[in-house]
Amino acid sequence: MKLSFGTEVNHQPNYFLEKIWKGLMLGPGNLEGSYQDYQRRHLEKFGKCWDGDTFGEFLEPKIHTIRRDLDNEWSAGMEIQLVINLNSTDEFQFAPILRCQSVQRIQIDYSNLINDKGPAVFINYELIDKETLVRLAINDGFATVEDFFLYFNEEFSGNLIHWTPLKYS
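Residues numbered from 1 in each chain as written. Predicted model: local features only at pLDDT ≥ 70, side-chain atom pairs only at ≥ 80, totals over all residues. Heavy atoms only, no water.

Undergrad: Describe the sheet that holds strand 8 (residues 102-109), naming the residues involved and giving the relevant values.
TA: The strand order across the open sheet built from 5 strands is 4-11-8-9-10, with neighbouring strands paired in antiparallel fashion. This sheet does not close on itself; its edge strands, each paired only once, are strand 4 (64-67) and strand 10 (126-127). Relative to strand 11 (residues 156-162), strand 8 runs antiparallel, the two sharing 7 bridges. Each residue of the ladder has a partner; that of R105, found in strand 11, is N159. (Pairing = 2+ DSSP bridges. Helix = DSSP H or I, 4+ residues; strand = E, 2+ residues; numbered from the N terminus.)

What follows is the structure, encoded as structure tokens:
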């Protein structure tokens, strides 16, 4: 199934392609050839390299994504196609097909009933601590927890889709 990614958040580049590739390159297997191939295809299609390619060493890897998934379509073992510009003439698959390793439920609660200092985040119905929240935000491609909450700025319920073995417990 396709997972579509934007390339901007709040009109600023999010460098998700580069962050996802950084995570893939740190994983098992030698993907250097694949990286070069997808980068070349991107250059041919769009006439430019990925936005953050020149300073990618400073980016933290993005190793999962969070989706609303109302129909609960995602499950472990499914194929994942990572794309930008979904359903347009500029649709582009920017990485090899991956396997969904696991899916975890995620809720963000803004009621202040659980945490009077801000939103509370639950993974698989368990409240996560501040340290885990920092890891979650960075692993999802955000520079800070504050940036994470600027994006997820209201009540949220969905799935955390993993393409690496990482799980939050």
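From this point, the narrative continues.
Undergrad: Break down the packing of helix 1 (residues 16-26) against helix 2 (residues 32-46) for me, citing the residues and quoting the values.
TA: Axis angle and axis distance: for two packed helices, these are the angle between their axes and the distance between the axes, and together they describe the pair. At a minimum axis distance of 10 Å, the contact between helix 1 and helix 2 shows a crossing angle of 165 degrees. If you check the angle between helix 1 and helix 2, you find them roughly antiparallel. Between helix 1 and helix 2 lies a crossing whose hand is right-handed. Residues L17, W21 and M25 of helix 1 form the contact with helix 2, whose own contacting residues are E32, S34, Y35, Y38 and H42. Across the contact of helix 1 with helix 2, the residue classes tally to 5 nonpolar, 2 polar and 1 charged. (Axes fitted to C-alpha atoms, helices over the stretch in contact; angles between N-to-C directions. Parallel < 35°, antiparallel > 145°, perpendicular 65-115°, else oblique. Left-handed = near helix turned anticlockwise from the far one by under 90°. Contact = heavy atoms within 4.5 Å. Nonpolar A, V, L, I, M, F, W, Y, C, P; charged D, E, K, R; others polar.)

Undergrad: Go over a nonpolar patch on the surface, please, and point to the residues and values.
TA: Together, L113, I114 and L127 line one region of the surface with nonpolar side chains, adding up to about 330 Å² of accessible area. Topologically, I114 is positioned in the loop between strand 8 and strand 9 (120-123). By relative accessible area, I114 is classed as partly exposed at 44%. (Patch = residues over 30% accessible without salt bridge, like charges linked within 9 Å, V, L, I, M, F, W, Y side chains within 5 Å. Areas by Shrake-Rupley, 256 points an atom, 1.4 Å probe, with all protein chains shown as cover. Salt bridge = Lys/Arg side-chain N within 4 Å of Asp/Glu carboxyl O. Buried < 20%, exposed > 50% of the residue type's maximum accessible area, 1.4 Å probe, protein only.)

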